[in-house]
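Summary of the model geometry
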Amino acid sequence: MLGRLAVGILLSALIAGYARRRGSLSGSGAVASVVVGATIYSGGGLRWFSALFVFFVTSTLLGRVGRGRKEALRREYSKGDTRDAWQVLANGGVASLCGLAVALLGAGGSAEACLAGGFVGALATATGDTWATEIGPLSRRSPRSLVGLRRVPAGTSGAVSGLGLVATAAGGGLVGLVFGLWEPSRLLVWVAIGGLSGAAGALVDSLLGARLQARFFCDRCARRCEGAVHHCGATARHCGGLRWFGNDTVNLIATISGALVGAFLGR
Ligand SMILES: [Zn+2]
């Protein structure tokens, strides 16, 4: 296990270092990424790590698609491009715990199938959500809020578009596909687990985003934003949702939900 841990730390540090240089991870985000990557490698070796790698590579590549349009949305909602430790743990923490559980318990049989399902479900949710976030804004039609299904501006938390939903299932399905390639007899089962749990997690994400997530308004810029401090530096006014319920909390609960669905299906 120590050998695996060492390899896991090495591989994760290489990838996190690259992401840090590109500016997609903060210092704390890079450290958290190494912890997440190393625990996943310790638990499931290359097979599990390859699924994590899919999340990393595709979210990096999709981040480059339609940059101009998304840049405008980012300014509006002040969603930064650089992930800190909380963001990394909100997306990867549950998958990391599944890896840790396998590493420590040395689970076999149905317990391991359950943890593997939970791992794929959590990662499928994070991947699907990232794909939807990167691809959804490119949709020509404005998305709909899950509250009352009215159309809302692109980039609004909890809004869903047809394109975003397809992206969610595709992202989750791809995680399942890569994980399933290591076990060809159950390839389609894993694709289904990834697609279904990713879609379920994303649904939870959108519902919480629309219903409970804190919304703020910057009076100086007359713009909505997601944080208590707008990127212009002014303090933003709380104008809806639960004040303490931010995007990271939403993502964490969504990945837990995806993991539960994945664990149930994996069993
Ligand atoms: Zn402002």
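Summary of the structure given here.

Reading the values: the criteria
- Residues numbered from 1 in each chain as written.
- Predicted model: local features only at pLDDT ≥ 70, side-chain atom pairs only at ≥ 80, totals over all residues.
- Heavy atoms only, no water.
- Donors = N, O, S within 2.8 Å, 3.2 Å for Na, K, Ca; no water.
- Tetrahedral: all angles 85-135°; square planar, octahedral: opposite > 155°, others 65-115°.
- 1 Å grid on protein atoms, 1.4 Å probe; cavity = no way out; pocket = protein on both sides within 12 Å on 5 of 7 lines; lining within 4 Å.
- Points joined across faces, edges and corners; volume = space filled by probe spheres on them.
- Nonpolar A, V, L, I, M, F, W, Y, C, P; charged D, E, K, R; others polar.
- Phe/Tyr/Trp six-rings, centres within 6.5 Å; stacked < 30°, edge-to-face > 60°.
- Lys NZ or Arg CZ within 6 Å of the ring centre and 35° of its normal.
- Helix = DSSP H or I, 4+ residues; strand = E, 2+ residues; numbered from the N terminus.
- Buried < 20%, exposed > 50% of the residue type's maximum accessible area, 1.4 Å probe, protein only.
- Contact = heavy atoms within 4.5 Å.
- Expected span 1.5 Å × (residues − 1).
- Polar contact = N/O pair within 3.5 Å; in protein donor to acceptor, adjacent residues only side chain to side chain.
- Pairing = 2+ DSSP bridges.

**Let's talk about the coordination of the zinc ion**
Around the zinc ion, the donor atoms from the protein are Cys218 (SG), Cys221 (SG), His230 (ND1) and Cys232 (SG), and they sit 2.0 to 2.2 Å away. Given 4 donor atoms and angles of 105 to 112° at the metal, the environment of the zinc ion is assigned as tetrahedral. Mapped onto the polypeptide sequence, the residues donating to the zinc ion form the spacing pattern C-x2-C-x8-H-x1-C.

**A few points about the layout of surface pockets**
There is about 160 Å³ of room inside the second largest pocket. Along the walls of the second largest pocket sit Ser145, Val147, Arg150, Val152, Thr156, Ser157, Gly158, Ala159, Gly209, Ala210, Arg215 and Arg224, which together make up its complete lining. Per-class residue counts for the lining of the second largest pocket are 4 nonpolar, 5 polar and 3 charged.

**Focus on the packing of aromatic side chains**
What the rule picks out here adds up to 7 aromatic pairs. Through a chain of ring-to-ring contacts, the aromatic side chains of Trp48, Phe119, Phe179 and Trp190 assemble into a single cluster. In this arrangement the basic side chain of Arg47 is found over the ring face of Phe179, its NZ or CZ atom lying 3.9 Å from the centre.

**Examining the side chain of Thr168**
Checked against the element boundaries, Thr168 lands in helix 6 (residues 162–180). Judged by its relative accessible area of 3%, Thr168 is buried. Beyond its immediate sequence surroundings of up to four residues, Thr168 is in contact with Gly128, Ala132, Gly198, Ala199 and Ala202.

**Structural notes on helix 4 (residues 85–105)**
Compared with the 30 Å implied by 1.5 Å per residue over 21 residues, the 26 Å span of helix 4 between its first and last C-alpha is markedly short. Where helix 4 begins, the capping side chain belongs to Asp84, and its oxygen is found 3.1 Å from the backbone nitrogen of Trp86. Positive phi shows up at Gly106, right after helix 4, with a value of about 55°.

**Re the pairing of strand 3 (residues 215–218)**
With burial as the criterion, only one face of strand 3 is covered, namely that bearing Phe216 and Cys218; the residues Arg215 and Phe217 on the opposite face remain uncovered. Note: strand 3 against strand 5 (residues 237–240), 3 bridges, orientation antiparallel. Directly across from Phe217, in strand 5, lies its bridge partner Arg237. Here strand 3 pairs with strand 4 (residues 223–225) via 3 bridges, running antiparallel. Directly across from Phe216, in strand 4, lies its bridge partner Cys225. Hairpin geometry of strand 3 and strand 4 is characterised by an intervening segment of 4 residues between the two adjacent antiparallel strands and by a positive phi of about 55° at Ala222.

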